[in-house]
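Close look at the chain arrangement
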Amino acid sequence: MKYAIAGVIILFLFVNASAQNNTEAALQVKISGIIKKMTLEEKVAMLHGSATFYSAGVPRLGIPEVSYDDGPLGVRREEERFGWNSANWTTDSATFLPNGSAIAATWNPEMAHKYGVVMGEEANARNKIVMLAPAFNICRIPLCGRTYEYYSEDPYLNGQLAIQAVKGIQSQHVAACIKHFAANNQEVNRGVINEIIDERALREIYLPAFKAAIEQGDAYTIMSAYNKINGYWCSENDFLLDKVLKTEWGFKGIVISDWGGTHHTVAAANVGLDVEMGSNGPYDQWYFAKPLIAAVKAGQVSEKTIDEKVRRILWVIYHTSMSADHLKGSIATPEHGKAAYDIASESIVLLKNDDHLLPLNTDKVKSIAVIGDNATRTFATGGFGASVKVKYEVNALAGIRSRFGKTADIKFAQGYKANYLASNTAEQNAGYDKPDMALINEAVGLAKTTDVAIVCIGSNREYESENHDRKNLELPFGEQALVNAVTAANPKTIIVIMAGAPYDLNEIKKTNSTIVWSWFNGTEAGNALADVLKGAVNPSGKMPFTFPVSMNDSPAIALNTYPGKDTTTTYKEGILVGYRWYDTKKIDPLYCFGYGLSYTNFTYTGLLTDKKDYTPADKIAVSVKVKNSGSVAGKEIVQIYVSKVNSAVSRADKELKAFRKIMIAPGKTIPVIMNINVSDLAYFDDMLGKWVVEPGEYKLMAASSSKDIRQIAAFNVSK
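What this report covers is the structure whose coordinates are included nearby. For clarity, every value in this text was computed on a predicted model and none was experimentally measured.

Description of unusual backbone geometry
Backbone torsion omega between Gly-71 and Pro-72 reads 0 degrees, so that peptide bond is classified as cis. With respect to the helices and strands, Pro-72 occurs in the loop between β3 (66-70) and α3 (100-106). Across the junction of Leu-358 and Pro-359, the peptide omega takes the value -5 degrees, indicating a cis bond. Assignment of secondary structure puts Pro-359 in the loop between β11 (349-353) and β12 (367-371). Despite not being glycine, Asp-325 shows a phi value in the positive range, around 55 degrees. Mapped onto the elements, Asp-325 comes out in the loop between α11 (303-319) and α12 (334-347). One non-glycine residue with positive phi stands out, namely Thr-567, at about 60 degrees. A residue is classified by how much of its surface remains accessible, and Thr-567, at 37% relative accessible area, is partly exposed.

In structure tokens form, the structure reads like this:
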């Protein structure tokens, strides 16, 4: 019987694959017919922007223009067609989704998929067919201004989340534009910086998530980064665009430049850029406009190359705006708000709870002082880069009032002023880091009168912003002075940090008993936070990047490679990025990768592999038993790391190779099973130019974080 069922499954897969191949072949025939009818001028018109967020179609052939829109926090407000000012629509309010590092902190691909579905549905409601999201560059430098947009410091975690975000967006017949390809890891000098990165580091750290998003997520479009890699602009980098992306990975879609990120006509056209986008006209003077027509006529670029670019654009159009049964979409619905809440509630990280102050006991807590500018601030807008015009955004104070207002007297004090604008000069922002003693004294006076104080600090969208990096890891706006004063006035003080990137929490970790990390957490942020504080949600987020004790512990700083010299920076740390560096160099971080507490406890037992010996073609079945040994239900993220014992080449101390998030009832034990391809244990050999699975002994670790190893097993790989 089982053989008959297997036969039916194989037949179904074969028939389905054959049908898909036939459909694809028919589409290519149709596209070829359209291209034959087009003039050179019509073709080239499709290869560059025709407005701020549009590129041209061919009206006489019924080919629509391509519309683009910013993510990754949600569908951007409608801008004027030619410019960056609001179009003043009344129907473009969208859902503000949690930022990238918040999504990564969920460690849950299901949450990334929810994010994508909402993004796709809202894009359709606004007639956008290319969403410039998700963004998942590796968090190499804690100071990077776009860390809040990106995911994590780990290529495997990034890849698993990116796959599902892309699938979610494209399930709505909207193209995901994965970005920024590649290694857009700093904002300082991003438009001119030349990054010297060895091929092994590129292959093992900076490219894998893009590869996964294309090969497993089937991303339709990709954006080239502003920077250079090894001497060549990313928008005209033969290694990235032709050798790796289009040849090795078989990418079918469109390579789009970042806005204003194109530098030459012939070089970009001949190595794989398909569409030039930018910020200003006159559009017919761009590199891929009249100069490209001239280059074709001069024989510098072949018309066959132009046809290939048009083919890719038409392929994307037929999978989006001209797809069968194209979806109408919806925007800012209650369902979308619920999705934003789900992501936010799984992203919040409990960093410390020594006095078990959390969850707050509503029978005992009858008065709450909510303190800090971030308690009333919203995060959908601010700084440079994409913002979202929201229908609503629940701030922390509103969320706390909604969850505790019936049982406790809640009062607010501002505590500090966030006197900082991303558009200001350093001189104009001078003094932003100074404490405001009048506001601190007011906060202290309030905290003395209440059972509990909740101090909401961190950064905001002005302080963490595209186009600039932070100068240091210090908490801004004199917040440390506020924390110290309020904690002295009321020992039952809960510190809530809202930010998208690491900060210096050394003093807070040392002196405060209770620390919660939230993010720029979307339209339902305040409700999600309040539910964690109340215990309606058991916190399950874990840190997607390492917090250094000192900035000098971070590899790029320790090796003096950031921000670079004379617009060149050398990635001297190679593959040792994030926890790989800290663990290999035996440097203790402030908070490690994968760290996060719960209101319950989990114990691990019985880590096993299905065999002890494997070949490079095998798959390793890993199983471990996890018990909720506490009294409340909770979600645990089981992390599997692998280490090569006595490696013949330089390797990281350990590498994340699998993870799973599971809900476990109190007292229950659940077997967790994960699979790892032996081929995924390979390192890239620069000399041979290929991936190599090193034979020998490996160590397998089941962990609650990169530093909290619960179970260890061993296995061998043969040649």
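With respect to the side chain of Thr-561
Secondary-structure assignment places Thr-561 in the loop between α18 (555-558) and β17 (568-570). Judged by relative accessible area, which is 3%, Thr-561 ranks as buried. Of note is the side chain of Thr-561, whose polar atom sits 3.0 Å from the side chain of Arg-140. Discounting chain neighbours no more than four positions away, the residues touching Thr-561 are Arg-140, Ala-556, Thr-569, Thr-570, Lys-572 and Glu-573.

Concerning the sheet that holds strand β20 (residues 619-628)
Pairing in this open sheet of three strands is antiparallel, and the strands run β18-β20-β23 from one edge to the other. Every interior strand has two partners, whereas the edge strands, β18 (602-609) and β23 (669-677), have only one. With direction set aside, neighbouring strand axes in the sheet form an average angle of 25 degrees. Of the strand pairs in this sheet, β18 and β20 are connected by six bridges, and their pairing is antiparallel. Looking across to β20, one finds that Leu-608 is bridged to Ser-623.

Observations concerning the pairing of strand β5 (residues 175-181)
Within β5, seven of the seven residues are buried, which leaves it mostly tucked inside the rest of the structure. Pairing between strand β4 (residues 130-132) and β5: two bridges, direction parallel. In the sheet register, Val-130 faces β5, and the bridge partner there is Ala-175. Regarding topology, helix α5 (residues 155-170) serves as the crossover connection from β4 to the parallel β5, and that connection is right-handed. Direction of pairing for β5 relative to strand β7 (residues 221-224): parallel, over a ladder of three bridges. Across the sheet, Cys-177 pairs through a bridge with Thr-221, a residue of β7.

Details of the pattern of salt bridges
According to the stated counting rule, one finds 42 salt bridges in the structure shown. In this structure, the salt-bridge partner of Lys-43 is Asp-307, at a minimum N-O distance of 2.7 Å. Here Asp-307 lies in helix α11 and Lys-43 lies in helix α2 (residues 40-45), a separation of 264 residues in the sequence. According to the relative accessible area criterion, Lys-43 is buried, its value standing at 4%. Taking the relative accessible area as the measure of exposure, Asp-307 reaches 23% and is therefore partly exposed. Through salt bridges with shared partners, a single network forms among Arg-146, Glu-149, Glu-187, Arg-190 and Glu-466.

Considerations on helix α15 (residues 479-489)
Every buried residue belonging to α15 is among Glu-479, Gln-480, Leu-482, Val-483, Val-486 and Thr-487, and all of these are buried. In an axial view of α15, the angular spread of the buried residues amounts to 155 degrees, which keeps them on one side of the axis. Elements that come into contact with the buried residues of α15 comprise β12, α14 (437-447), β14 (452-458), β15 (493-498) and α16 (506-511).

Quick notes on the nonpolar core
Grouped together as the largest cluster of nonpolar side chains are 154 residues, with contacts concentrated most on Tyr-68, Phe-181, Tyr-206, Ile-454 and Ile-494. Element by element, the count of residues in this core is highest for α11, at eight residues. With sequence-adjacent residues up to four places away left out, Phe-181 is seen in contact with Leu-207, Phe-210, Ile-222, Met-223, Ser-224, Ala-225, Cys-234, Leu-240, Leu-241, Leu-245 and Trp-249. Ala-102, Ala-413, Tyr-420 and Ala-499 belong to the second largest nonpolar core, which has 43 residues in total.

Things to note about the state of the cysteines
The tally for this structure, following the rule as stated, stands at zero disulfides. With no disulfide of its own, Cys-177 lies 14 Å from the sulfur of Cys-234, the closest cysteine sulfur. No disulfide involves Cys-592; its sulfur sits 16 Å from that of Cys-139, the nearest cysteine. According to the relative accessible area criterion, Cys-592 is buried, its value standing at 7%.

The rules behind these values
- Numbering of residues starts from 1 in each chain and follows the order in which that chain's sequence is written.
- This being a predicted model, a pLDDT of at least 70 is required before a residue's local features are given, and a value of 80 or more before pairs of side-chain atoms are given or counted; all residues contribute to the totals for chains, interfaces and linings.
- Side-chain numbers here rest on the full set of heavy atoms in the structure, without hydrogens or water.
- Secondary structure elements are taken from DSSP: a helix is a run of H or I of four residues or more, a strand is a run of E of two residues or more, and numbering for both begins at the N terminus.
- Between buried and exposed lies partly exposed: a residue is buried under 20% and exposed over 50% of the maximum accessible area for its type, with that area taken using a 1.4 Å probe on protein chains only.
- Polar contact is the term for a pair of N or O atoms within 3.5 Å; when the atoms are in protein, one must be able to donate a hydrogen and the other to accept it, and sequence-neighboring residues count only if both atoms are side-chain atoms.
- What makes two residues a contact is simply this: any of their non-hydrogen atoms within 4.5 Å.
- Two strands pair if DSSP finds at least two bridges between them.
- All axes here are fitted lines through C-alpha atoms, helices being fitted over the stretch that makes contact, and every angle between N-to-C directions spans 0 to 180 degrees.
- Handedness of a crossover: with both strands directed away from the viewer, a clockwise path from the first strand across the helix to the second marks it as right-handed.
- Salt bridge, as used here, is a side-chain nitrogen of Lys or Arg placed within 4 Å of a carboxyl oxygen of Asp or Glu.
- The arc in question is the one spanned by the directions pointing from the helix axis to the C-beta atoms.
- As used in this record, nonpolar core signifies buried Ala, Val, Leu, Ile, Met, Phe, Trp, Tyr and Cys residues forming a set joined through side-chain atoms within 4.5 Å.
- Working definition: a disulfide is two cysteine sulfur atoms within 2.5 Å of each other.

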